[in-house]
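Structure at a glance
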Amino acid sequence: MNLDVEKKHSIKSFISHPKTKAVLNDVFRVVIVIVSSVIYSLAVTWFLEPANLIAIGFTAVGQIMNRLILNTGVDIPIGVFTLVFNIPLCIYGYKSVSPRFIIYTVLSIIVQSIFLMGWVPEINLGIDPNQDKLFLTIIAGLFAGAGIGVALRYGTSTGGVDILAQALSLKKNISIGTFSMVFNIVLAVIAGGLMEGNWAITFYTFIFIIITNLVIDKIHTAYNYLRIDVITKHSDEVSNALISEINRGCTILDVKGAYTKEAKFDVFMVISSYELEKARRIIYKVDPEAFITVVPVKRIIGAFFKHTII
């Protein structure tokens, strides 16, 4: 019996060790990168390409280049363009965002390129691409938004415009969603209307962009601001842990429960929503009985620094 207890204790100690936690965190992110990249790639290969519709970002550029060159009798897969166009962006992102962000992003680009090379066989979904373009557009938007949103939420991206958007969000405080929306709308107008003379492609792409961005906003809101209020008896321990691990300032107020008349403290801090889950883990590690409220913050005036996302 004692051996079992000791074994469980050693397993728990091994898992809770900082180096083990770091490795498990990296493994988790790698899985997230692969899954999100596959979801995004399926949006293109299963839904957009069969309906001859345009994607977003540099995948759309790859589609356009593929179709232009195909007219000359040469078939260069979309995945080749995806890989080539992302190389300079990854170099820029390595300097402007963070090295780890780009390492994970490179993995995402490789996964996408494999799918967009045509090496993964398509499946027959029983959908007529000519009759059901709107349905394919909606489903593609849901898939693409889920893939991009999950990738961004966990500190990576699907490459391309996401890298520029993250860099501009960190440096210029420009909304990721706004930048991506404007960029992709301009691309849709050029690709569908001006180059192919088919404005239906442009309008379907608008629908695809709107749905994609709505899903991204639901999943990922990395640079929206939140105020968290932590009602606790252990104000010093909670505030020290938050300051140490999130590197933001706290304010401590004396409060009293109206029902229990018990004296407690309100530790409040302003964070980005990207940091919320991390803050929750820190707080409950110190005080499992803490009561937390979260309130959106529309605007901050003063020193509030955006941290590197990884």
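Residues numbered from 1 in each chain as written. Predicted model: local features only at pLDDT ≥ 70, side-chain atom pairs only at ≥ 80, totals over all residues. Heavy atoms only, no water.

Across its full length, the protein chain carries 11 helices and four strands. Split into buried and exposed, the 310 residues of the protein chain put 42% on the buried side. Residue pairs in contact within the protein chain that sit at least 24 positions apart in sequence constitute 73% of those at least 6 positions apart. Counting only carbon and sulfur atoms, one obtains 64% of the accessible surface of the protein chain, whose full area is about 16,900 Å². (Helix = DSSP H or I, 4+ residues; strand = E, 2+ residues; numbered from the N terminus. Buried < 20%, exposed > 50% of the residue type's maximum accessible area, 1.4 Å probe, protein only. Contact = heavy atoms within 4.5 Å. Areas by Shrake-Rupley, 256 points an atom, 1.4 Å probe, with all protein chains shown as cover.)

Attention now moves to the environment of Val 189. Within the element layout of this structure, Val 189 appears in helix H8 (residues 176-195). Here Val 189 falls in the partly exposed class, since its relative accessible area comes to 25%. For Val 189 and Phe 206, which are 17 residues apart along the polypeptide, the C-alpha to C-alpha distance reads 9.1 Å. Residues within four places of Val 189 in sequence aside, it is in contact with Leu 194, Trp 199, Thr 202 and Phe 206.

Positionally, Val 238 belongs in helix H10 (residues 235-246). With 52 residues separating them in the primary sequence, Val 238 and Ala 290 have C-alpha atoms 9.4 Å apart. Setting aside its immediate chain neighbours within four residues, Val 238 contacts Val 230, Thr 232, Ile 283, Val 286 and Asp 287.

Within the secondary structure layout, Thr 202 lies in helix H9 (residues 199-219). Overall, the relative accessible area of 1% leaves Thr 202 in the buried class.

On to the packing of helix H4 (residues 78-96) against helix H5 (residues 99-116). Orientation of H4 relative to H5, taken along the N-to-C sense of each, is 175°, at an axis distance of 9 Å. Relative to H5, the element H4 is oriented roughly antiparallel. Only Pro 99, Ile 102, Val 106, Ile 109, Gln 112, Ser 113 and Leu 116 of H5 make contact with H4, whose side of the interface consists of Ile 78, Gly 79, Thr 82, Leu 83, Asn 86, Cys 90, Gly 93 and Tyr 94. Residues that form the contact of H4 with H5 fall into these classes: nine nonpolar, six polar and no charged. (Axes fitted to C-alpha atoms, helices over the stretch in contact; angles between N-to-C directions. Parallel < 35°, antiparallel > 145°, perpendicular 65-115°, else oblique. Nonpolar A, V, L, I, M, F, W, Y, C, P; charged D, E, K, R; others polar.)

So, on to a nonpolar patch on the surface. Together, Leu 68, Val 182, Val 186, Ile 190, Leu 194, Met 195, Trp 199 and Phe 203 line one region of the surface with nonpolar side chains, adding up to about 770 Å² of accessible area. Contributions of two or more residues to the nonpolar patch are made by H8 and H9. Considering each element in turn, the nonpolar patch owes the most residues, five residues, to H8. Overall, the relative accessible area of 44% leaves Val 186 in the partly exposed class. (Patch = residues over 30% accessible without salt bridge, like charges linked within 9 Å, V, L, I, M, F, W, Y side chains within 5 Å. Salt bridge = Lys/Arg side-chain N within 4 Å of Asp/Glu carboxyl O.)

It is worth spelling out the pairing of strand E2 (residues 251-256) at this point. Looking at chain direction, E2 and strand E3 (residues 263-272) are connected through six bridges and run antiparallel. Opposite Lys 256, over in E3, you have Ala 263 as the bridge partner. Between E2 and E3, which pair antiparallel in sequence order, lie six residues; one of them, Lys 261, sits at a positive phi of approximately 60°. (Pairing = 2+ DSSP bridges.)

Taken in spatial order, the four strands line up as E2-E3-E1-E4 in an open sheet, and their pairing is antiparallel. The outermost strands of the open sheet, each flanked by one partner alone, are E2 and strand E4 (291-297). Each strand axis lies, on average, 25° off the axis of its neighbour in the sheet, ignoring direction. Against the sheet, H10 makes contact with strand E1 (225-232), E2 and E3, and its axis sits at roughly 10° relative to E3, the strand it touches most. Packed on one face of the sheet, helix H11 (residues 276-286) meets E1, E3 and E4 and runs near 10° to E1.

Turning our attention to unusual backbone geometry. The phi dihedral of Asn 52 falls on the positive side, at around 60°, and the residue is not glycine. Along the chain, the position of Asn 52 falls in the loop between helix H2 (18-48) and helix H3 (57-70). Even without a glycine there, the phi angle at Lys 261 is positive, about 60°. Note that Lys 261 resides in the loop between E2 and E3.

Take the environment of Lys 256 next. With respect to the helices, strands and loops of the structure, Lys 256 is situated in strand E2. For Lys 256, a relative accessible area of 58% translates into the label exposed. Measuring from C-alpha to C-alpha, the distance between Lys 256 and Ile 231 comes to 9.6 Å, with 25 residues separating the pair along the chain. Residues within four places of Lys 256 in sequence aside, it is in contact with Lys 261, Glu 262 and Ala 263.

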